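# Structural characterization, general
The chain contents come next:
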Amino acid sequence: MKTAYKNNMPMLKLKVKGSKGETEYDAYLDTGAGRTLIPEKDAKKFGLTYAGDTTVITGSGKDTIRLYRGQVEFLGRKFIILIFGRDLPKEAQVKAMIGRDILDAYRACFDGTRKEIEITQP
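Read on for an overview of the structure. (Residues numbered from 1 in each chain as written. Predicted model: local features only at pLDDT ≥ 70, side-chain atom pairs only at ≥ 80, totals over all residues. Heavy atoms only, no water.)

### With respect to the nonpolar core
- Core analysis: the largest hydrophobic core is formed by 25 residues, its most contacted members being Leu 14, Ile 38, Phe 74 and Ile 102.
- Elements that contribute at least two residues to this core include exactly β2 (11–18), β3 (21–29), β6 (61–74), β7 (77–85), α2 (100–103) and β10 (116–120).
- Apart from the residues within four sequence positions on either side, Leu 14 is in contact with Thr 23, Glu 24, Tyr 25, Ala 27, Thr 36, Ile 38, Val 72, Glu 73, Phe 74, Ile 98 and Ile 102.
- Of all hydrophobic cores here, the second largest spans ten residues; its members include Leu 37, Ile 65, Leu 67 and Phe 84. (Core = buried A, V, L, I, M, F, W, Y, C linked by side-chain atoms within 4.5 Å. Buried < 20%, exposed > 50% of the residue type's maximum accessible area, 1.4 Å probe, protein only. Helix = DSSP H or I, 4+ residues; strand = E, 2+ residues; numbered from the N terminus. Contact = heavy atoms within 4.5 Å.)

See below:
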């Protein structure tokens, strides 16, 4: 599948489902992130199961982030994974990010000159 960037960024649809409902995001494809991230308020609102805290190293230092277990759907494929729950600043251009926990199941080519992504299942 080949698709154009949205707002000059590699973004695709991500559906997240919990015991109290589901929602869909235009999620940033973050090849540097180990896990997928959604707003923590949504993780709670849609009934994802709290699975503990974890420490991560970021570009600005060490941080503790909450983990939630949930079902996500990406490109028609369902995954049950641990998801980072973090409310990003209101100024952030994205609210959710797809990490390597999902991206490693695909072959992806980011064409920055054409502002498009080609993503396939190997």
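### A word on the pairing of β6
- One ladder, built from three bridges, connects β2 with β6; its direction is antiparallel. If you follow Val 16 over to β6, its bridge partner there is Val 72.
- Alignment of strand β5 (residues 49–58) against β6, held across nine bridges, turns out to be antiparallel. Bridge pairing links Thr 58 to Gly 61 in β6.
- Here β5 folds back onto β6, and the loop between the two strands holds two residues.
- Examined bridge by bridge, β6 and β7 share nine bridges and lie antiparallel to one another. Paired with Gly 70 across the bridge in β7 is Ile 81. (Pairing = 2+ DSSP bridges.)

### Details of unusual backbone geometry
- One non-glycine residue, Asn 8, adopts positive backbone phi at about 65 degrees.
- As for its placement among the helices and strands, Asn 8 is situated in the loop between β1 (2–4) and β2.
- Positive phi outside glycine occurs at Lys 115, with the angle close to 60 degrees.
- Mapped onto the elements, Lys 115 comes out in the loop between β9 (107–111) and β10.

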